[in-house]
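Spelled out, the chains give:
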Amino acid sequence: MHNFKYNVGTKVLFGEGQIKNIGKEILEYTDRVLLVYGGGSIKKNGIYNDTVNELKENNIKYFELSGIDPNPRIESVREGVKICRENNLGGVLAVGGGSSIDCAKVIAAGVKYDVDPWELVLDRNLIKVSLPVFSVLTLSATGSEMNGNAVISNIVTNEKYGTYGECLIPKASVLDPTYTYTVSKRQTASGTADIISHTLENYFTNISGGYLQARMAESILKTCFHYGPIAYNNPNNYDARSNLMWASSWAINGLISLGVANKWSVHPMEHELSAFYDVYHGEGLAVLTPHWMKHVLNDDTVDRFVEYGINVWNIDSSLDKYEIANSAIEKTRNFFKDELSMPQTLTELGIGTENIDKMAEKAVRGKSIKGFVELDKDDVKKIYINAI
Ligand code: NZQ
Ligand code: ZN
């Protein structure tokens, strides 16, 4: 296990009705915020009203930036920076899923720098300071509510990249599971696939010694495999929604990766699908994950697949190693297909071979993905082609 520093720093307000406590958290930093949200779901389900009532009760002045797209655009970030500067705002409050929260983060950083915010997406080393970020989470998926990552798209250049800043970690986040009751079946499935993928990206590491991290990752995976279908079939099941919500945060806030972190593999490949075809992030991950697993299964990696098969899927440990590994991969694929009715191929996502060369080149950023198993451009192309 490598050395690490662990200080998430997000005050989590978890549970039904916790919106009533966000005002005083914001007031510790500012009484003027930019309220950032998406295409209007929060107006239909009442979360918008709950939020603005809380801001009004605490005399917090707010300006609004709405219409943040899934796969948030750099144009929205630029607009948000402008509003913050013109109105001298002291914080950014996102209400939504990962898209609104990520957009809010880059706005919060963008205000502090005299460069086009896209520069901050391309080079995370530039981000040292930002306005404080707060979030009200409405969709369990990205973990953005408790980490410093932000993923922004530039549709003009077909680019979608993640950036990071420790200062971007939300100061406080409301995690009210009832706020996710209105999430559609398709988004529930996609979000669950995203949590699973974050956990797998961390679990399949080639840095040894993280026994504890691996066992915690297995628990998060089991939670998703158990509660994902329950939330999918019973949207108002509080236990399912709350377990998925907490799993979303813990899959990607450092707990299971610090000390054993290596570069992720499936995410950079999926970000190209979203950049070129604007697909749901979780659906792209669900299609690619089993193919990536098959591609990287070899004598060096089989033992981790065996642990995954035995500890997460309860596969008979007396079987041959490769039988266990392949069965675990099949169970993963079947989970997405049978339990969450998710697409199985890129074709179903409307993706053909037309951009595969360009997508592979961008996924490896001209070099390679140095993850669990190093993938060069040809590896990525093979994975895409197998997934078609
Ligand atoms: O826009 P509105 O009207 O709010 O509708 C949204 C949107 O259409 C809807 N929704 C959200 N909460 C809802 C709801 N509908 C009904 N009831 C609710 N309570 O769901 C749709 C998707 O929302 P979005 O925020 O786009 O989803 P998600 O949370 O999956 O975020 C996806 C983005 O996050 C990035 C992805 O690449 C993608 O751009 N990621 C961010 C990460 C991070 N910051 O750490 C890591 C992830 O791996 C990921 O890359
Ligand atoms: Zn993700």
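Computed from a predicted structure; not experimentally measured.

**Q** Give me the overall build of the chain: which residues, what numbers.
**A** A tally of helices and strands in the chain yields 15 helices and ten strands. The C-alpha atoms of the chain give 20 Å as radius of gyration, which agrees with the globular expectation for 388 residues (21 Å, within 12%). Evaluated residue by residue, the chain yields a buried proportion of 59% over its 388 residues. When contacts within the chain are restricted to residue pairs at least 6 apart in sequence, those whose partners lie at least 24 apart make up 77%. Taken as a whole, the chain presents about 15600 Å² of accessible surface, with 48% of it coming from carbon and sulfur. Within the chain, one finds 39 positive and 47 negative side-chain charges whose respective centroids are separated by 3 Å.

**Q** Could you give an account of the packing of aromatic side chains, naming the residues involved and the relevant values?
**A** All told, the structure shown has 15 aromatic pairs when counted by the stated rule. Here the aromatic residues Tyr203, Phe204, Trp292, Phe305, Tyr308 and Phe372 are joined through ring pairs into a cluster of three or more.

**Q** Can you lay out the coordination of the zinc ion (ligand 2) for me, pointing to particular residues and giving the numbers?
**A** Around the zinc ion (ligand 2), the donor atoms from the protein are Asp194 (OD), His198 (NE2), His267 (NE2) and His281 (NE2), and they sit 2.0 to 2.2 Å away. In primary sequence terms, the donor set of the zinc ion (ligand 2) follows D-x3-H-x68-H-x13-H. In this pair, Asp194 sits in helix α7 (residues 185-203) while His281 sits in helix α11 (residues 281-296), placing the two residues 87 residues apart along the sequence. Residue Asp194 shares its accessibility class with His281, and that shared class is buried.

**Q** How would you sum up the packing of helix α4 (residues 74-86) against helix α5 (residues 98-110)? Please name residues and give values.
**A** Where α4 contacts α5, the two axes come as close as 8 Å, and the packing angle between them is 50°. Between α4 and α5, the interaxial angle falls into the category oblique. Classified by chirality, the crossing of α5 by α4 is right-handed. Packed against α4, whose contacting residues are Ser76, Val77, Gly80, Val81, Cys84 and Arg85, the element α5 presents Cys103, Val106, Ile107 and Gly110 at the interface. Looking at the contact of α4 with α5 residue by residue, the class counts come to six nonpolar, three polar and one charged.

**Q** Report on the pattern of salt bridges, specifying residues and quantitative values.
**A** Under the counting rule described, the total for this entry stands at 16 salt bridges. The residue Arg78 makes a salt bridge to Asp116 at a minimum N-O spacing of 2.7 Å. With Arg78 in helix α4 and Asp116 in the loop between α5 and α6 (117-122), this pair connects stretches of sequence that are 38 residues apart. By relative accessible area, Arg78 is classed as partly exposed at 33%. A salt bridge links Arg215 to Glu307; the shortest N-O distance between them is 2.7 Å.

**Q** Pulling in residues and values, what's your account of the sheet that holds strand β8 (residues 172-175)?
**A** With respect to topology, six strands assemble into an open sheet ordered β1-β8-β5-β4-β2-β3, the strand pairing being parallel. In this open sheet, the two strands that pair with only one neighbour each are β1 (11-14) and β3 (61-65). Taking the axes of each pair of neighbouring strands and ignoring which way they run, one obtains an average angle of 20° across the sheet. Sheet analysis places strand β2 (residues 32-37) next to β3, joined by five bridges and oriented parallel.

**Q** Which residues make up the site of ligand 1, and what values go with them?
**A** Taken together, 31 residues lie around ligand 1, and Gly39, Gly98, Ser99, Lys160 and His198 are the ones closest in. In this structure, Asn149 approaches ligand 1 through a main-chain N or O atom, which is 3.2 Å from a nitrogen atom. Considering ligand 1 on its own, with 960 Å² of exposed area, one finds that the protein chains cover 89% of that surface. Looking at the shell around ligand 1, the elements that each hand over two or more residues are α5, β6 (149-154), α7 and α10 (266-277). In terms of residue class, the shell around ligand 1 is built from eight nonpolar, 20 polar and three charged.

**Q** Residues and numbers for the pairing of β2, please.
**A** It is a general feature of regular strands that their side chains alternate between the two faces of the sheet. Of all six residues in β2, five are buried, a share of seventy percent or more. Examined bridge by bridge, β2 and strand β4 (residues 91-96) share five bridges and lie parallel to one another. By the bridge assignment for β4, Val36 is matched with Ala94.

**Q** Tell me about helix α13 (residues 321-339), residues and numbers included.
**A** Relative to the 27 Å expected for 19 residues at 1.5 Å per residue, α13 spans 26 Å between its end C-alpha atoms, a close match to the ideal helical length. Those residues of α13 that sit buried are Ile324, Ala325, Ala328, Ile329, Thr332, Arg333, Phe335 and Phe336. At its buried positions, α13 is contacted by α7, α8 (211-233), α11 and α12 (302-313).

**Q** Any details on the nonpolar core? Residues and values, ideally.
**A** Of all hydrophobic cores here, the largest spans 65 residues; its most connected members are Met269, Trp292, Tyr308 and Tyr384. The biggest single contributor to this core is α8, with nine residues. Setting aside anything within four residues of it in sequence, one finds Trp292 in contact with Phe204, Ser265, Val266, Met269, Phe372, Leu375 and Ile383. Counting residues in each nonpolar core, the second largest holds 29 residues, with Ile74, Ala94, Val121 and Ile152 among its members.

Criteria and cut-off values
Residues numbered from 1 in each chain as written. Chains lettered and ligands numbered in written order. Predicted model: local features only at pLDDT ≥ 70, side-chain atom pairs only at ≥ 80, totals over all residues. Heavy atoms only, no water. Helix = DSSP H or I, 4+ residues; strand = E, 2+ residues; numbered from the N terminus. Rg over C-alpha atoms; globule rule 2.2 N^0.38 Å. Buried < 20%, exposed > 50% of the residue type's maximum accessible area, 1.4 Å probe, protein only. Contact = heavy atoms within 4.5 Å. Areas by Shrake-Rupley, 256 points an atom, 1.4 Å probe, with all protein chains shown as cover. Lys, Arg positive; Asp, Glu negative; His and termini not counted. Charge placed at Lys NZ, Arg CZ, Asp CG, Glu CD. Phe/Tyr/Trp six-rings, centres within 6.5 Å; stacked < 30°, edge-to-face > 60°. Donors = N, O, S within 2.8 Å, 3.2 Å for Na, K, Ca; no water. Axes fitted to C-alpha atoms, helices over the stretch in contact; angles between N-to-C directions. Parallel < 35°, antiparallel > 145°, perpendicular 65-115°, else oblique. Left-handed = near helix turned anticlockwise from the far one by under 90°. Nonpolar A, V, L, I, M, F, W, Y, C, P; charged D, E, K, R; others polar. Salt bridge = Lys/Arg side-chain N within 4 Å of Asp/Glu carboxyl O. Pairing = 2+ DSSP bridges. Near = heavy atom within 4 Å. Polar contact = N/O pair within 3.5 Å; in protein donor to acceptor, adjacent residues only side chain to side chain. Expected span 1.5 Å × (residues − 1). Core = buried A, V, L, I, M, F, W, Y, C linked by side-chain atoms within 4.5 Å.

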